[in-house]
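What follows is the residue order along each chain.
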Amino acid sequence: MKALTKTNFNFKNQKSLYNGKVRDVYNINDELMVMVVTDRISAFDVILPKGIPFKGQVLNQIASKFLDLTADIVPNWKISSPDPMVTVGHKCEGYPIEMIVRGYLTGSSWREYKNGARQICGVPIPEGMKEHQKFEKPILTPTTKAELGLHDENISREEIISRGLVSEEEYCKLEEYSLKLFERGSQIANKMGLILVDTKYEFGKKDGKIYLIDEIHTPDSSRYFYLDTYQANFDAGKPQRQLSKEFVREWLMDNGFQGKAGQQVPEMTDEIVNGISDRYIELYEKITGEKFVKSESDNLEERIFNNVNKFLNEYK
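Just so we're clear, the structure is a prediction, and the values are computed from it rather than from any experiment.

Colleague: Which residues make up the sheet that holds strand β2 (residues 23-28), and what values go with them?
Modeller: On the basis of which strands lie adjacent, the open sheet formed by five strands has the order β1-β2-β3-β7-β6 and antiparallel pairing. Strands with a single pairing partner mark the edges of an open sheet, and in this sheet they are β1 (14-19) and β6 (78-83). Adjacent strand axes in the sheet meet at a mean angle of 20° when their direction is disregarded. Helix α1 (residues 55-69) contacts β2, β3 (32-37), β6 and β7 (86-90) of the sheet and is inclined by roughly 145° relative to β6. Against the sheet, helix α8 (residues 300-314) touches β2, β3, β6 and β7, its axis set at about 140° to β6.

Colleague: Mind laying out the pairing of β3, listing which residues take part and the relevant values?
Modeller: For β3, the buried fraction is high: six of the six residues fall into the buried class. Connecting β2 to the next strand, β3, in antiparallel fashion are three residues, including Asn29 with a positive phi near 55°. Both β3 and β7 contribute to a ladder of five bridges, which runs antiparallel. Each bridged residue has a counterpart across the sheet, and for Val36 the counterpart in β7 is Val86.

Colleague: For the environment of Pro82, give the residues involved together with the corresponding values.
Modeller: With respect to the helices and strands, Pro82 occurs in strand β6. Along the primary structure Pro82 and Val34 are separated by 48 residues, whereas in three dimensions their C-alpha atoms are 9.9 Å apart. Other than its neighbours up to four places away in sequence, Pro82 contacts Val88, Asn307 and Phe311.

Colleague: Residue-level account of helix α5 (residues 227-236), with values.
Modeller: Three or more residues of α5 are buried, namely Tyr230, Asn233 and Phe234. Angular distribution of buried residues about the axis of α5 spans 100°; they occupy a single face of the element. Opposite the packed face of α5, turned more than 90 degrees from it, sit the exposed residues Asp228, Ala232 and Asp235. If you follow the buried residues of α5, they end up packed against β9 (97-105), β12 (133-140), β14 (194-206) and β16 (222-226). Remark: Gly237 follows α5 within two positions and exhibits a positive phi of approximately 70°.

Colleague: Which residues make up the pattern of salt bridges, and what values do they have?
Modeller: The full count for this structure, using the stated rule, is 28 salt bridges. We note a salt bridge from Asp214 to Lys200, for which the minimum N-O separation is 3.6 Å. With Asp214 in the loop between β15 (209-213) and β16 and Lys200 in strand β14, this residue pair connects regions lying 14 residues apart in the sequence. Relative accessible area serves as the criterion here: at 13%, Asp214 is assigned to the buried category.

Thresholds applied
- Residues numbered from 1 in each chain as written.
- Predicted model: local features only at pLDDT ≥ 70, side-chain atom pairs only at ≥ 80, totals over all residues.
- Heavy atoms only, no water.
- Pairing = 2+ DSSP bridges.
- Helix = DSSP H or I, 4+ residues; strand = E, 2+ residues; numbered from the N terminus.
- Axes fitted to C-alpha atoms, helices over the stretch in contact; angles between N-to-C directions.
- Contact = heavy atoms within 4.5 Å.
- Buried < 20%, exposed > 50% of the residue type's maximum accessible area, 1.4 Å probe, protein only.
- Arc of directions from axis to C-beta.
- Salt bridge = Lys/Arg side-chain N within 4 Å of Asp/Glu carboxyl O.

Here's what the structure looks like:
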């Protein structure tokens, strides 16, 4: 199975190329963004040395589906998905923050809480909570959007506004959109027998209008628990069965890697890589309720280039 770890296309009217942790983003004439979701995988803000076959297709198709299912809440950047690994949309100026919505005390928030923190991003967390416990209502814990290779940092609502990263009026709108998107995502997850535990949203602006940008409700940006076993596992103090990229982080931590200086990424054998690929396909099918259809992968670059070129030539 082939994995696409890097692209370097030259599309018509292309002005620039940005390589993110997972996505290669092409600026077309300062009007459109062509986002190629590669098979790269990152954890602890480090890009791992091997790509995961079909991961890009999984992430792109989940995000594309959820962008369509939430377009009535907030306008989003998507115009079309001309290839299984590509979304083309409006070029927006991104806000320098990510909006993290948490419905449960888990993952990094639990690690901070366990170490004594009783507030995250200025949001107070009650005493006596347990791992994976549901918050009374979802909380917003934004982060700064770090450059590649650097860690995102928690930041409070007050800091965001006082530092002028986002105006108070616009920040209130981002909060409102984020909580409504999380509610919709939770409703959809519930129908699939899942719990949307936490997720991140990114927003941008074009012509004075706020757009939802990037991915939404994918296993790279979100964490899901299985609904049917949640309560029994919580009551028994057992780990939750979850659908997210957390299993990759756990494998890395079990092998002595957390992205810290001097640590080495453990060997990614074919067995490990194929196992992660299978998990991503499972995630797709559980989250969408649809059978995953593997796209042709022999000539990925050629297929993507042709599909995107066809769209660009026909656009407008």
